[in-house]
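Here are the chains, one letter per residue:
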Amino acid sequence: MNGKRNIAAAMGGWSVRHRVIAIVGWVAFVALAVSIGSMAGQRQMTADQYAAGDSAKAIQILDAAGLSTPAGELFLLSGSDAATSAPTRAAVADLTRRLEATGAVTTVADPYAEHLVSADGHSVLVRVGMTGDPMTAADRVQPILDATAATRAAHPGVRIDEFGDGSANHWFNDTIGKDFQRAEWTAVPLALGILLVAFGAFLAAVLPVGLAMTSFLAANGLLALISHRLALDSSASSVMLLVGLAVGVDYCMFYLRREREERARGRDPETSLRIAAATSGRSVLISGLTVVVAMSGMFLSGMLIFEGFAIAAILVVVVAMTGSVTVLPALLSVLGDHVDFGRVPGLARMRRPGDGSRVWGAILGRVLKRPGLSVAAAVGFLVVLAVPVLGIHTENLSLDKQLPADAGIMQSYHRITAAFPGGPTPARVVVRTNDATAAQVGGAVTEFKTLATATGLVGEPIIVVPHQGSNIVEIRVPLAGDGSDATSVRALHALRSDVIPASFGQVPGVEAYVTGDLAFSQDFNTQLQHAFLPVILFVLVLAFLLMLVAFRSFTIAAVSVALNVLSMAAAFGVMVAVFQHGWGAGLVGGRGVGAIQSWIPLFAFVILFGLSMDYHVFVVSRIREAYDRGMSTQDAVAHGIRISAGVVTSAAAIMVAVFAVFATLSMTTFKQLGVGLAVAILLDATVVRAVLLPSVLTVLGDRTWWLPAWLSFLPERVDPVPAIEEAASAEQPRLDAGAPAR
């Protein structure tokens with residue numbers, strides 16, 4: 001890409017020439033996007049949009065008939081007296097009366113009539129359904145919680161445990177949700193502090209955070225508008241904030257660091273900005289496109305939740321990338337050297353943009369003395385870390401694996417599960433027929449109950465709920481086990497593969513599907529497993545092609561992809577070792593739970609691939625730039641790594657710090673994601689970029705720039721800096737001649 005065709009340079013030049021339009025236009029765009037988003041509101045996904053496989057079919061049948069399952073609440077009443085004793089019956093009657101008085105529940109069935117007495121005879125289970133949309137049950141559960149508390153106070157001799165969709169989600173919103181929000185916004189001051197150390201000046205540190213946050217605000221407003229065509233998961237904005245903060249800060253750092261570097265070399269402000277636009281601006285565009293390609297892989301998952309994540313991430317990357325090459329040059333042009341305003345004593349001396357990093361220079365010197373040994377050592381280290389990933393096991397983690405054991409909601413969950421195995425999370429068989437009253441259907445239901453009981457893998461009672469007006473029959477089946485363990489999985493498999501085909505499969509015109517929490521989890525996990533390989537191949541191939549075109553080197557493209565995969569495999573290996581096997585889990589307040597949350601590998605792969613390629617592009621750009629100016633490959637590698645080490649270290653430190661915050665949260669899912677992302681970025685910025693990348697390129701020598709003859713049609717790379725310097729020299733005499741006499 002030569003100077004005349006450098007899009008980033010052209011956009012940067014326009015921005016500088018039209019500073020007011022660029023700055024005011026950006027502010028207006030952000031304000032308009034935020035206003036549109038606040039007016040539109042964000043539309044959330046419904047329950048059936050999360051489901052996959054048979055679970056999705058069952059939910060769709062119920063929804064089409066207007067029979068969407070209400071949010072359910074369970075109440076376990078237990079004590080030293082028998083469940084049928086007068087005190088317990090009085091407590092059950094009182095609780096029933098108070099619940100019905102709230103107007104928030106459907107009719108409360110008599111638990112004694114439903115035979116919901118535990119095997120030991122000391123507990124009774126009250127089931128109720130909540131009125132209204134089950135997705136918003138947490139917002140309307142407070143009257144039920146108050147009724148439960150009042151019953152406890154009136155009957156101190158009877159313990160009452162409550163667990164259900166409304167109460168559990170209410171607990172999540174009050175604890176985990178707020179915890180997550182605090183962690184998100186902790187990221188901003190963390191990033192600001194690291195940037196302050198990196199640049200040594202307050203204003204220079206504020207600029208990257210400002211660009212990142214305005215990009216996020218604008219993108220989030222547009223996302224709300226898009227959500228009315230494509231429903232989103234509630235965490236899509238959180239994904240957008242993390243990605244937006246990472247890329248927005250990085251892009252601004254790349255640009256600002258290069259501009260400061262050129263100023264330190266004695267160039268005038270205008271020339272420095274032109275060079276920054278043509279070099280770092282170009283890197284921003286390449287990096288942004290690479291991140292977009294990586295995020296696009298989630299569209300191949302076939303799951304709406306990941307499509308929403310992809311749109312959120314792509315949107316914020318595109319906005320941040322646009323802001324970096326349009327409004328940022330205008331701001332830097334207005335500020336000039338005042339960007340160093342607010343220098344911090346003791347930190348300003350650390351800013352040596354023209355010299356490169358002395359620390360990394362010393363490390364690099366040792367690495368390049370024995371590049372072959374460095375390659376072997378780095379690869380060996382990463383492979384050892386990656387070994388545990390070979391035994392990775394994924395599942396939708398149950399609540400008892402997700403939350404601390406001492407949480408009140410979990411204690412209630414365990415008591416209910418112990419008294420009524422499978423009670424909190426029964427399987428639900430949805431049967432659709434032409435005539436629910438037909439004798440054949442009734443016989444099939446009876447046969448189903450007989451065969452299910454004969455498996456020894458289901459509990460009692462099996463509850464049949466006919467919906468005759470809709471010709472649908474719903475059967476609730478308590479599964480053996482705790483509702484999510486191997487025993488429960490065997491029970492689910494028995495229902496699907498044996499019991500249903502042997503009963504309902506013999507009746508013409510009948511469809512029967514199993515849903516419920518475990519079925520949902522299993523179907524979701526199966527869909528993810530099918531999607532994983534296509535997503536990986538898509539991301540790797542397109543990233544390879546993009547790097548090939550950008551750097552006109554088959555070797556660089558192959559090395560870039562291979563090193564990213566190796567570093568991510570090592571990070572996943574650490575995650576498996578810590579959370580699946582429990583090695584060192586206590587260091588982050590976690591524990592071994594025997595599995596990795598099912599959606600994390602796919603999500604983390606896409607996010608990490610995009611973010612690590614972000615500064616990989618910047619590093620390789622500096623190496624290629626030095627090589628194009630006549631340096632040998634080894635000298636170009638040393639120069640490129642050394643000169644970019646400061647910005648890469650700062651960018652990585654921000655991401656590691658932000659992700660590490662999430663590793664301190666209570667839920668195992670957040671811990672796994674935080675540890676996985678933080679370790680991956682840490683390894684990538686140290687072992688890969690400082691040791692493996694330079695040593696591999698040095699071993700390869702001039703083969704680093706190999707391009708097959710049949711790819712010679714790719715556009716030539718032309719260093720834009722000489723042309724900018726020549727233009728600046730030609731303009732200087734005219735400026736001097738036109739200057740007024742002093």
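Not measured: the values here are computed from a predicted model.

J.: With reference to specific residues and values, describe the packing of helix α19 (residues 517–551) against helix α21 (residues 600–628).
T.: Relative orientation of the contacting elements α19 and α21 amounts to 10°, with a least axis distance of 11 Å. Classified by the angle between their axes, α19 and α21 sit roughly parallel to one another. Residues Leu528, Phe532, Val535, Ile536, Val539, Leu540, Ala543, Met547 and Phe551 of α19 form the contact with α21, whose own contacting residues are Pro601, Leu602, Phe605, Val606, Phe609, Met613, His616, Val617, Val620, Ser621 and Arg624. Broken down by class, the residue content of the contact of α19 with α21 amounts to 17 nonpolar, two polar and one charged.

J.: Describe the sheet that holds strand β1 (residues 72–78), with residues and values.
T.: Sheet architecture is open: three strands sit in the order β2-β1-β3, paired in antiparallel fashion. The open sheet has two free edges, formed respectively by β2 (123–129) and β3 (159–164), since each of these has just one partner strand. For this sheet the average axis-to-axis angle between neighbouring strands, irrespective of direction, equals 20°. Where β1 lies against β2, seven bridges are found, and the strand directions are antiparallel. What sits directly across from Ser78, in β2, is Ser123. Helix α7 (residues 142–154) rests against β1 and β3 of the sheet, and its axis sits at about 165° to β3.

J.: Explain the pattern of salt bridges residue by residue, including any values.
T.: It is possible for side chains bearing opposite charge to pair when their charged atoms get close. Under the defined criterion, the tally for this structure stands at 24 salt bridges. As a salt-bridge pair, Arg622 and Glu625 come within 3.9 Å of each other at their nearest N and O atoms. Residue Arg622 and its partner Glu625 are located together in helix α21, separated by three residues, close to a single helical turn. Taking relative accessible area as the criterion, Glu625 reaches 9% and is therefore assigned buried. For Asp684, the salt bridge is made with Arg689, and the minimal N-O distance between the two is 2.9 Å. When sorted by exposure, Asp684 lands in the same class as Arg689, which is buried. Here the residues in one salt-bridge network are Arg258, Glu261, Glu262, Arg265, Arg267, Arg622, Glu625 and Arg629, joined through shared partners.

J.: So what's going on with the packing of aromatic side chains? Which residues, and what values?
T.: Inspection of every chain in the model, using the stated rule, returns 12 aromatic pairs. Here Phe254 and Phe618 contribute two aromatic rings whose centre-to-centre distance is 4.3 Å and whose plane-to-plane angle is 5°, an arrangement assigned as stacked. Here the residue Phe254 occupies a position in helix α10 (residues 236–264), and Phe618 occupies one in helix α21, the gap between them amounting to 364 residues. One cation-aromatic arrangement involves Arg89 over Tyr112; the distance from NZ or CZ to the ring centre is 4.0 Å.

J.: Pulling in residues and values, what's your account of the packing of helix α1 (residues 7–17) against helix α11 (residues 269–296)?
T.: Running from N to C, α1 and α11 cross one another at 130°; their axes reach a closest spacing of 7 Å. In this view, α1 runs oblique relative to α11, as classed from their interaxial angle. Viewed along their axes, α1 and α11 form a crossing whose handedness is right-handed. Counted together, Ile7, Ala8, Ala9, Gly12 and Val16 of α1 and Leu273, Ala277, Ala278, Gly281, Arg282 and Leu285 of α11 form the full contact between these two elements. Considered class by class, the residues forming the contact of α1 with α11 number eight nonpolar, two polar and one charged.

J.: Could you give me a rundown of the side chain of Ser15, with the residues and numbers involved?
T.: Inspection of the secondary structure assignment puts Ser15 in helix α1. At 2.9 Å, the side chain of Ser15 and the backbone nitrogen of Ala330 are in polar contact. Discounting residues that sit within four places of it in the chain, Ser15 has contacts with Ala22, Val325, Thr326, Val327, Pro329 and Ala330.

J.: Account for the nonpolar core, naming residues and giving values.
T.: Counting 183 residues, the largest nonpolar core has Val243, Tyr251, Met295, Phe306, Phe603, Phe605 and Phe609 as the members making the most contacts within it. Ignoring sequence-local partners within four residues, the contact set of Phe306 consists of Met298, Ser301, Phe524, Leu528, Trp599, Leu602 and Phe603. Formed by 29 residues, the second largest nonpolar core is a distinct cluster that contains Val431, Phe448, Ile500 and Val514.

J.: How would you explain the environment of Val696 if you had to name every residue and give the values?
T.: Within the fold, Val696 resides in helix α23 (residues 668–700). Judged by relative accessible area, which is 15%, Val696 ranks as buried. Placed 321 residues apart in sequence, Val696 and Val375 show a C-alpha to C-alpha distance of 6.2 Å. The residues touching Val696, leaving out its near neighbours within four places in the chain, are Val375 and Val559.

J.: If you had to explain the pairing of strand β8 (residues 511–515) to someone new, which residues and values would you point to?
T.: Across the five residues of β8, four count as buried, placing the element largely inside the fold. In terms of strand pairing, strand β5 (residues 427–432) meets β8 through five bridges, oriented antiparallel. Following the sheet pairing, Val430 is matched in β8 by Tyr513.

J.: Before we move on, could you go through the confidence of the model for the protein chain and cite the residues and values that matter?
T.: Mean pLDDT over the protein chain stands at 85; residues scoring 70 or higher make up 93%. For residues 734–742, every residue scores under 50 in pLDDT, and the model assigns this stretch zero contacts once sequence neighbours within four places are set aside.

J.: So, the sheet that holds β5: which residues are in play, and what are the values?
T.: What the four strands build is an open sheet, ordered β6-β7-β5-β8; its pairing is antiparallel. Since the sheet does not close on itself, it has two edges, and those belong to β6 (463–467) and β8, each with one partner. Along the sheet, successive strands turn relative to each other by an average axial angle of 20°, direction set aside. Judged from the five bridges that link them, β6 and strand β7 (residues 472–477) form a sheet pairing that is antiparallel. Looking across to β7, one finds that Ile463 is bridged to Arg476. Sheet strands touched by helix α17 (residues 439–454): β5, β6 and β7. Its angle to β7, the strand with the most contacts, is close to 10°. Set on the sheet, helix α18 (residues 486–503) makes contact with β5, β7 and β8; between it and β8 the angle comes to about 170°.

J.: Before we move on, could you go through helix α2 (residues 19–40) and cite the residues and values that matter?
T.: An ideal rise of 1.5 Å per residue puts 32 Å on 22 residues; α2 measures up with 31 Å between its terminal C-alpha atoms. Of all the positions in α2, only Ala22, Trp26, Val30, Ala33 and Gly37 are classed as buried. In a view along the axis of α2, the buried residues occupy a sector of 70°, so they form one face of it. Opposite the packed face of α2, turned more than 90 degrees from it, sit the exposed residues Val20, Ile21, Val27, Leu32, Ser38 and Met39. Looking at the buried positions of α2, the neighbouring elements they touch are α1, α9 (202–226) and α12 (304–335).

J.: If you had to explain unusual backbone geometry to someone new, which residues and values would you point to?
T.: Generally, phi is negative for residues other than glycine and the peptide bonds are trans, each holding for most cases. Here Asn471, not a glycine, exhibits a phi torsion of approximately 55°, which is positive. With respect to the helices, strands and loops of the structure, Asn471 is situated in the loop between β6 and β7.

J.: Tell me what's going on with a nonpolar patch on the surface, and back it up with residues and numbers.
T.: Nonpolar side chains collect at one region of the surface, where Val383, Val387 and Leu390 lie side by side and expose about 300 Å² of accessible area between them. On the basis of relative accessibility, which here comes to 48%, the residue Val387 falls in the partly exposed class.

J.: Lay out the environment of Gly483 with the relevant residues and their values.
T.: Considering the arrangement of structural elements, one finds Gly483 in the loop between β7 and α18. Each C-alpha atom of the pair Gly483 and Asp133 lies 25 Å from the other, and the pair is 350 residues apart in sequence. Discounting chain neighbours no more than four positions away, the residues touching Gly483 are Thr425, Ser488 and Leu518.

About the cut-offs
Every chain's residues receive numbers from 1 upward, in the order its sequence appears when written. In keeping with the predicted nature of the model, local features appear solely for residues at pLDDT of at least 70, side-chain atom pairs appear and are counted solely at 80 or more, and the whole-chain, interface and lining totals rest on all residues. Side-chain metrics in this entry use all non-hydrogen atoms of the structure; hydrogen atoms and water are not considered. Only the contacting stretch of a helix is used when fitting its axis, a line to C-alpha atoms as for every element, and angles between N-to-C directions run 0 to 180 degrees. Helix and strand assignments follow DSSP, with helices taken as H or I runs no shorter than four residues and strands as E runs no shorter than two, numbered in order from the N terminus. The cut-offs work like this: below 35 degrees is roughly parallel, past 145 is roughly antiparallel, 65 to 115 is roughly perpendicular, and the gaps in between are oblique. We call two residues in contact when some of their heavy atoms are within 4.5 Å. For this classification, Asp, Glu, Lys and Arg are treated as charged, while Ala, Val, Leu, Ile, Met, Phe, Trp, Tyr, Cys and Pro are nonpolar and the rest, including Gly, are polar. Here a strand pair is declared whenever DSSP counts at least two bridges between the two strands. Any Lys or Arg side-chain nitrogen found within 4 Å of a carboxyl oxygen on Asp or Glu counts as a salt bridge. Each residue's exposure class comes from its accessible area (1.4 Å probe, protein chains only) as a fraction of the maximum for that residue type: buried when under 20%, exposed when over 50%, partly exposed otherwise. Each Phe, Tyr or Trp ring, with Trp reduced to its six-membered ring, pairs with another whose centre is within 6.5 Å; inter-plane angles below 30 degrees give stacked pairs, above 60 give edge-to-face pairs, and intermediate values give tilted ones. We call a charge positioned above a ring when the Lys NZ or Arg CZ atom is no farther than 6 Å from the ring centre and deviates by at most 35 degrees from the ring normal. By the definition used in this description, the sense in which the near helix is turned from the far one sets the handedness, with an anticlockwise turn below a right angle giving left-handed and a clockwise turn giving right-handed. For this analysis, a polar contact is any N or O atom pair within 3.5 Å, provided that within protein one partner can donate a hydrogen and the other can accept it, and provided that sequence-adjacent residues contribute only side-chain to side-chain pairs. In these notes, a set of buried Ala, Val, Leu, Ile, Met, Phe, Trp, Tyr and Cys residues joined through side-chain atoms within 4.5 Å is what counts as a nonpolar core. pLDDT measures the predictor's confidence residue by residue and takes values from 0 up to 100. To estimate how far a helix should reach, multiply one less than its number of residues by 1.5 Å. By definition, the arc is the one covered by directions from the helix axis to the C-beta atoms. Excluding any residue in a salt bridge, patches collect residues exceeding 30% relative accessible area, merging like charges within 9 Å and nonpolar Val, Leu, Ile, Met, Phe, Trp and Tyr side chains within 5 Å. In these tables, accessible area is a Shrake-Rupley quantity obtained with a 1.4 Å probe, and a residue counts as shielded only by the protein chains included in the view.

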